[in-house]
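# Coordinates in review
As a plain string of letters, each chain reads:
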Amino acid sequence: MRKSYKNNLERGFINWIRKFNIDDNEVNEVIACIKKNMQEKSSLWDESKVREIILEWKEEQIKKKEEELNKRQKEIEDEVKKDVKTKKYEDEGITNKITKMSNIKEKDEDIENKDRLKQLKDKILSYEGDLRNVLIAIIENHPELVSIIDRHLQ
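Since the model is a prediction, treat every value here as computed from it, not as a measurement.

### A closer look at the pattern of salt bridges
Evaluated as defined, the whole model comprises 5 salt bridges. The salt bridge involving Arg18 is made with Asp24; its shortest N-O contact spans 2.7 Å. Among the ionic pairs, Glu47 bridges to Arg51, the shortest N-O distance being 2.9 Å. In this pair, Glu47 and Arg51 both sit in helix 3 (residues 47-86), 4 residues apart, roughly one turn of the helix. Judged by its relative accessible area of 43%, Glu47 falls in the partly exposed class.

### Remarks on the nonpolar core
Counting residues in each nonpolar core, the largest one holds 16 residues, and the members touching the most others are Ile17, Ile22, Val30, Ile34, Val50 and Ile54. Of all the secondary structure elements, the ones that give two or more residues to this core are helix 1 (3-18), helix 2 (27-37) and helix 3. In this view, Val50 contacts Phe13, Trp16, Ile34, Met38 and Trp45; residues no more than four positions away in its chain are not counted.

### Structural notes on the packing of aromatic side chains
All chains considered together, the criterion is met by 2 aromatic pairs. Ring geometry for Phe13 versus Trp16: centroids 6.1 Å apart, planes at 25°, classification stacked. You can see Phe13 and its partner Trp16 sitting in helix 1, 3 residues apart, about one turn around the helix. Among the residues examined, Trp16 registers a relative accessible area of 19% and is labelled buried. Relative to Phe20, the ring of Trp16 has its centre 5.1 Å away and its plane inclined at 80°; by these criteria the two rings are edge-to-face. Phe20 shares its class with Trp16; the two are buried. Site record: aromatic cluster; members linked through ring pairs are Phe13, Trp16 and Phe20.

### So, unusual backbone geometry
Even without glycine at this site, Asn21 takes up a positive phi of about 65°. Note on placement: Asn21 falls in the loop between helix 1 and helix 2.

### Observations concerning helix 2
Among the residues making up helix 2, those that are buried are Val27, Val30, Ile31, Cys33 and Ile34. Each buried residue of helix 2 lies within a common arc of 160° when the element is viewed along its axis, so the set occupies one face. What points out from helix 2, more than 90 degrees from its buried face, is the exposed set Asn28, Lys35 and Lys36.

### As for the environment of Asn37
In this fold, Asn37 is placed in helix 2. Here the alpha-carbon distance between Asn37 and Ile53, two residues 16 residues apart in the chain, equals 7.6 Å. Here the side chain of Asn37 touches Cys33 through a polar contact of 2.7 Å, landing on its backbone oxygen.

### Overview of a nonpolar patch on the surface
The grouping of Leu120, Ile124, Tyr127, Leu131 and Val134 at the surface amounts to a nonpolar patch, some 430 Å² of accessible area in total. Put simply, the parts of the chain that give the nonpolar patch at least two residues each are helix 4 (91-126) and helix 5 (131-141). Counting through the fold element by element, Leu120 comes out in helix 4. Classification of Leu120 by relative accessible area gives partly exposed; the value is 47%.

### Thoughts on the environment of Arg51
On the basis of relative accessible area, Arg51 is assigned to the buried category, the value being 15%. Apart from the residues within four sequence positions on either side, Arg51 is in contact with Trp16, Phe20 and Ser126.

Calculation rules
Residues numbered from 1 in each chain as written. Predicted model: local features only at pLDDT ≥ 70, side-chain atom pairs only at ≥ 80, totals over all residues. Heavy atoms only, no water. Salt bridge = Lys/Arg side-chain N within 4 Å of Asp/Glu carboxyl O. Helix = DSSP H or I, 4+ residues; strand = E, 2+ residues; numbered from the N terminus. Buried < 20%, exposed > 50% of the residue type's maximum accessible area, 1.4 Å probe, protein only. Core = buried A, V, L, I, M, F, W, Y, C linked by side-chain atoms within 4.5 Å. Contact = heavy atoms within 4.5 Å. Phe/Tyr/Trp six-rings, centres within 6.5 Å; stacked < 30°, edge-to-face > 60°. Arc of directions from axis to C-beta. Polar contact = N/O pair within 3.5 Å; in protein donor to acceptor, adjacent residues only side chain to side chain. Patch = residues over 30% accessible without salt bridge, like charges linked within 9 Å, V, L, I, M, F, W, Y side chains within 5 Å. Areas by Shrake-Rupley, 256 points an atom, 1.4 Å probe, with all protein chains shown as cover.

See the structure below:
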């Protein structure tokens, strides 16, 4: 295979991966994960299976971020408890630590929500089924959304 053709294929594949909200610094990790989970030669890979592996990898990254957030939050909570016990900080210092802890959690929740929103948008854009059936299932399970969906279908 000509080298330029191979490079074009690789670039195209990497660009396709980036559509799943994958950063440049994560691309090699995602490719390694795909190779690990796909037994066939890359030319025989099924696109839907590769998409599934990428989405599972992305979910795992979100879980890791959540675990890191929980660990950081616990560390701050433990520090606050220690400070209260030793009376090292007065009320103002404790208030600042609690505010800092809340701000960290809010920022990480914003990042997580943006990742989930982007991931859902990507799923919707790549969905090959009939979205009418999806909408019917949504309103059957969540009748509180009927007026919102109705408003958008007008």
